[in-house]
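Structural characterization, general
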Amino acid sequence: MRVLLINTSERIGGAAVAASRLMESLKNNGIKAKLLVRDKQTDQITVVSLNYNWRMIWKFVWERIVIWKANRFKKENIFAVDIANTGTDITSLPEFQQADVIHLHWINQGMLSLKNIENILASGKPVVWTMHDMWPCTGICHHARECIRYQQECHNCPFIYGYGGKKDLSYRTFHKKQDLYKGRHINFVTCSHWLEGLAKKSALLAGHTITCIPNPINTNLFKPHNKQEARNRCQLPQDARLVLFGSVKITDKRKGIDYLVESCELLAEKHPELKTELGVVVFGKESQQLANLLPFKVYPLDFVSNEHQLVNIYNAAIFLYGILRREKKGNKFMLRCEHYGERSALRGASPEGLPYWQPKCRWHQKSGADTYRPHGWVRQQLSSGKRWQRQGLVKR
């Protein structure tokens, strides 16, 4: 069997990492798999890139222009939504023609248009679409937040300036997707039960198969190593208690940066002795911006794409701090299980109903898609210091 996985990027973003790992897992199990991308970052021979030229750039820019115009020429949220009005027809590529199964992943920002997806479906090849966010089941957004209009029909979109209108861009794209999915057989896959629940509520996916399959983790790679050696490789101090926080972009509020700042302030207030003992390792874009925001020593690291380097970073820390707002939890799961491979136990604060994980990565707390906790809940939980005590950061 030949499987062609399709994603915009090879290594940047959670979807890219998940798609690359899945390709390797398939290959290790005797399946011939290739990954088709727009942006290739390695020399992996089973990763095939589209021909990058000025047309590719223009397709990306044109989509943003259309969104910008619909947003009344306001720049807010123009990268929070996608309409897939531009892309590349891949059905003539030899990799596509040789494939027995087509596996779509995150295909936005000029990779595939809705018309391109229609051509893929018309080819008659079985299509699997792994949802790395809500975009396949909404009009234009990747995270619907509190909005539930996608459950019936998108309109008056909160991501469009002034809440759009009755037949705004979200309405028009919603109906284009509805026409695209109608009468087609697509196997939708989610990375978590949380996202599976949201997808099953969508009017767009009514009648389609939706299955939850967690992202794969290479436990031969993500496993415990010597902490001192890991810290040497990362050029981190040997005697500090290190807390770890990371994401693609550190300043992305969905990743919980404001909660990290507040929790550190509360911890320093209750335990001032930690100001000289505790350090915060931050990896991701714009990590240097945290240096003046935290009461503890900050060790900023750049965006990490090398998994072996990531293993060293995980092994160097004693506590992983993770809070995500309205995230799909598939990557939440992947991040925590990566770190679980390095440690015997892992917990995290859960201010908006998000689960935190015990050993063996089982649910510790059930949460719903529409469960949100007030900001004061975070202050109450973090000020108790119990979570920090359990990880040995604070003496009992």
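Located above this text is the structure these notes cover.
Read on for an overview of the structure. It should be emphasised that the depicted structure is a prediction, and the values quoted were computed from it without experimental measurement. (Residues numbered from 1 in each chain as written. Predicted model: local features only at pLDDT ≥ 70, side-chain atom pairs only at ≥ 80, totals over all residues. Heavy atoms only, no water.)

Attention now moves to unusual backbone geometry. A positive phi angle, near 60°, is found at Arg-72, a position not held by glycine. Assignment of secondary structure puts Arg-72 in the loop between helix H2 (54-70) and helix H3 (94-98). For Arg-72, a relative accessible area of 47% puts it in the partly exposed group. A positive phi is found at Gln-109, a non-glycine position, where the angle reads about 60°. With respect to the element layout, Gln-109 can be found in the loop between strand S4 (101-104) and helix H4 (114-122). (Helix = DSSP H or I, 4+ residues; strand = E, 2+ residues; numbered from the N terminus. Buried < 20%, exposed > 50% of the residue type's maximum accessible area, 1.4 Å probe, protein only.)

Attention now moves to H4. An α-helix turns once per 3.6 residues; consequently, residues spaced three or four apart project the same way. The complete set of buried residues in H4 reads Leu-114, Asn-116, Ile-117, Ile-120 and Leu-121. The buried residues of H4 occupy one face: seen down the axis, they fall within an arc of 155°. Among the exposed residues of H4, those oriented more than 90 degrees off its buried face are Lys-115 and Ala-122. Each element contacted by the buried residues of H4 is listed here: H3, S4, strand S5 (127-131), helix H5 (169-181) and strand S6 (186-190). (Arc of directions from axis to C-beta. Contact = heavy atoms within 4.5 Å.)

In this section: the packing of helix H7 (residues 227-234) against helix H9 (residues 307-316). Between H7 and H9, the shortest axis-to-axis distance is 8 Å and the interhelical angle comes to 125°. With respect to H9, the axis of H7 lies oblique. At the point where H7 passes H9, the crossing takes the left-handed sense. Residues Lys-227, Ala-230, Arg-231, Arg-233 and Cys-234 of H7 touch H9, and the partners they reach there are Asn-312, Ile-313, Asn-315 and Ala-316. Within the contact of H7 with H9, the residues separate by chemical class into 4 nonpolar, 2 polar and 3 charged. (Axes fitted to C-alpha atoms, helices over the stretch in contact; angles between N-to-C directions. Parallel < 35°, antiparallel > 145°, perpendicular 65-115°, else oblique. Left-handed = near helix turned anticlockwise from the far one by under 90°. Nonpolar A, V, L, I, M, F, W, Y, C, P; charged D, E, K, R; others polar.)

Let us look at helix H8 (residues 257-270). In a regular helix each residue adds 1.5 Å, so 14 residues correspond to 20 Å; H8 covers 20 Å between its end C-alpha atoms and thus fits that length. Of all 14 residues making up H8, 10 are buried, and the element is well covered by its neighbours. Buried within H8 we find Ile-257, Tyr-259, Leu-260, Val-261, Glu-262, Ser-263, Cys-264, Leu-266, Leu-267 and Ala-268. (Expected span 1.5 Å × (residues − 1).)

All chains considered together, the criterion is met by 8 aromatic pairs. Centroid distance Phe-60 to Phe-79: 6.1 Å. Interplanar angle 25°. Geometry classified as stacked. With a gap of 19 residues between them, Phe-60 in helix H2 and Phe-79 in the loop between H2 and H3 connect regions that are remote in the sequence. For the pair Tyr-181 and Phe-188, a centre-to-centre distance of 5.6 Å together with 70° between the ring planes defines the contact as edge-to-face. As far as the burial class goes, Tyr-181 and Phe-188 line up, both buried. A connected cluster of aromatic rings, assembled from ring pairs, spans Trp-129, Trp-135, Tyr-181 and Phe-188. When the ring centre of Tyr-161 is taken as origin, the NZ or CZ atom of Lys-74, which lies over that ring, is 5.1 Å away. (Phe/Tyr/Trp six-rings, centres within 6.5 Å; stacked < 30°, edge-to-face > 60°. Lys NZ or Arg CZ within 6 Å of the ring centre and 35° of its normal.)

Another point: the sheet that holds strand S11 (residues 319-320). Pairing is parallel across the open sheet formed by 4 strands, whose spatial order is S10-S9-S8-S11. If you trace the sheet from one side to the other, it starts and ends with strand S10 (297-301) and S11, each paired once. Bridge count between strand S8 (residues 241-249) and strand S9 (residues 278-285): 7 bridges; the pairing is parallel. Across the sheet, Phe-245 pairs through a bridge with Val-282, a residue of S9. Taken strand by strand, H9 contacts S8, S9 and S10, and its axis lies near 145° from that of S8. (Pairing = 2+ DSSP bridges.)

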